[in-house]
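Descriptive structure summary
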Amino acid sequence: MTIWIPRLSGEGPRYRQLMTAIEAAIASGELRPGDRLPPQRRLADALGVTLGTVTRAYGEVEGHGLVEARVGSGTYVRDKQGKDGLSAPFRHVAEHHDMIDLSLSLPPPHGERQAGLGRAMAAMQQDPQALGHAIDYQPEGGLESHRHCFARWMQKLGMPVSGEELIINQGGMNGIFLALAALLGPGERLAAEALSYPGLISAAQQLGVRTVALPVDDEGLDVEALARRCERQPFRALYVMPDHHNPTTVKLSEARREALVALARRHDFWLIEDGVQYLPPAQRGTPLYRLAPERTLLLFSISKILGGGLRSGVMRVPPALHGRITTAIRTQSWMPPPLIADLVCRWIDSGDADRLLQWQQQELERRHALARELLGEFDFSARPGGFYLWLPLPVGRRASALLEQLARRQVWITPAEAFCVGSEPAPQAVRICISAARDSASLELALSRLREALHHPDPAPWQTL
Ligand SMILES: Cc1ncc(COP(=O)(O)O)c(C=O)c1O
């Protein structure tokens, strides 16, 4: 039987090296939930370290919530959603050595986010009417004043919508769930790009919706392939990221937007247009909701501009769907908290949100320039103002091995595998969120380690007979 034996590398005490190797193997999927770690004495012998070293490393990893010791049975990798372990996306929240997490699409940190929120809170505190609204139940789709505030802001950002068309929700993920719950029943089909936002994939799974994966090329979703699928297999809705595909960064061409809309009309399916990954207006195409307002839901969120913690966003909904979406909101939560919408609107109305966005765009420009400088020799794609790079790996390289190698150097990125719809094969490619590094220095360090790992792969990690 094969036992998992890590290669220890790096500096510092051996228990720490082992601990990092275990955590890297869990992150890369080499060790999966339910896998048993090698018996401690066997591993100590295999690595030439003391039993105490292994015991200490196992104890530390258990302290991080990634494994669980079961008396008399051994140590097992926890389920990612384990009851007191952190789910995979929140590794970065844990107290964690010197790791640089480029696996999450987070806006670049800036103290002005906290300051802007603080000012909005202080202003709200002085407004008894707003506090009264925050205490009471309110209409499912949000207060009219909040909907109009979002509409004015979106108009400014190049997304013309009216307050009447908007429904306030709790961010992009909530928008996806509401759209699927309102449009599709269990067993019905949802089409999506073959690589898609992981939240869409899990929402569809949870609702028992079947996904149909569609190919994407450098003009975006392959609408001809979609047309062929429509003939064979009707579906209720298509989820698509036309402006900034997550993860490949591709933009859907104008010709394909027209063709897509014509197809949606011919075969009568809904369009769920995800615009959460914000890009400046010059980088975007004609929105689908402008081309086919009667059948397109647009999802927009503050998460990539102000921050994800407030859980706030809006969806632009065709009038025919308003009732279904508000029913979905009522059955989930009655309504999004008016307290949060009020704070967000104060932030927007004060002009602070625009100033923050302006800074963010400049900061992202600097980060993209750094990425071009350090990784220019590799064939990655990126969009000005976008949070991430998409890097198809050089021939012969595997994403899982690169991930593991980088994790040993305390850098985290995301493999294409995370975005695969259904059982579609994963390309050997990775997404690197340059926005997420805490500052330019740590981005530079992480990208230098990535470049180094691309130039000098570690030997294959597998040991088996
Ligand atoms: C394409 C896409 N849609 C939706 C979401 C979820 O957005 P939110 O954080 O507002 O829930 C994300 C988050 O990264 C995303 O990338």
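What you see as residue numbers is a count from 1 along each chain, following the sequence as written. With pLDDT at 70 or above as the cut-off, local features in this predicted model cover only qualifying residues; side-chain atom pairs require 80 or more to be listed or tallied, and sums for whole chains, interfaces and linings still use all residues. Excluding hydrogens and water, the side-chain values take into account all heavy atoms of the structure.

- An unreviewed UniProt entry annotates the protein as GntR family transcriptional regulator of Kushneria sinocarnis.
- The UniProt entry for the protein carries the following comment under Sequence similarities (unreviewed entry): "In the C-terminal section; belongs to the class-I pyridoxal-phosphate-dependent aminotransferase family." UniProt positions are given in the numbering used here, feature names are shortened, and annotations may be inferred rather than shown by experiment.

1. Thoughts on the site of the ligand
- By convention in these notes, a residue is near a molecule or strand provided one of its non-hydrogen atoms lies within 4 Å of it. In the vicinity of the ligand lie 15 residues, with Gly172, Asp274, Ser301, Ser303 and Lys304 positioned nearest.
- Distance and chemistry together define a polar contact, namely a pair of N or O atoms within 3.5 Å, with one atom able to donate a hydrogen and the other to accept it when in protein, and with adjacent residues in sequence counting only for side-chain atoms on both sides. The contact in question runs from a nitrogen atom of the ligand to an N or O atom on the side chain of Asp274, over 2.6 Å.
- Between an oxygen atom of the ligand and a side-chain N or O atom of Gln277, the distance comes to 2.8 Å.
- Protein burial of the ligand: of its 390 Å² of free accessible surface, 93% is covered by the chains.
- In this classification, the charged set is Asp, Glu, Lys and Arg, the nonpolar set is Ala, Val, Leu, Ile, Met, Phe, Trp, Tyr, Cys and Pro, and all remaining amino acids, among them Gly, are polar. Of the residues assigned to the shell around the ligand, the class counts are five nonpolar, seven polar and three charged. Exposure was quantified through the Shrake-Rupley algorithm and a 1.4 Å probe, taking into account, for residues, occlusion by the shown protein chains and nothing else.

2. Some remarks on helix α12 (residues 322–333)
- Under the scheme used here, helices are H or I runs from DSSP no shorter than 4 residues and strands are E runs no shorter than 2 residues, and both carry numbers assigned from the N terminus. To estimate how far a helix should extend, the number of its residues minus one is multiplied by 1.5 Å. The terminal C-alpha atoms of α12 lie 16 Å apart, and with 12 residues this matches the ideal 16 Å at 1.5 Å per residue to within 8%.
- Every buried residue of α12 is accounted for by Ile325, Thr326, Ala328 and Ile329. One side of α12 carries all its buried residues, which in axial view fall inside an arc of 155°.
- A contact between two residues is defined here by any heavy atoms of the two lying within 4.5 Å. Looking at the buried residues of α12, the elements they touch are β4 (166–169), α7 (172–183), β11 (296–301) and β12 (313–316).
- Positioned one or two residues after α12, Trp334 has a phi angle of 70°, which is positive. We call a residue buried when its accessible area falls under 20% of the maximum for its residue type, exposed when it is over 50%, and partly exposed in between, using a 1.4 Å probe and counting protein chains only. The directions from the helix axis to the C-beta atoms form the arc being described.

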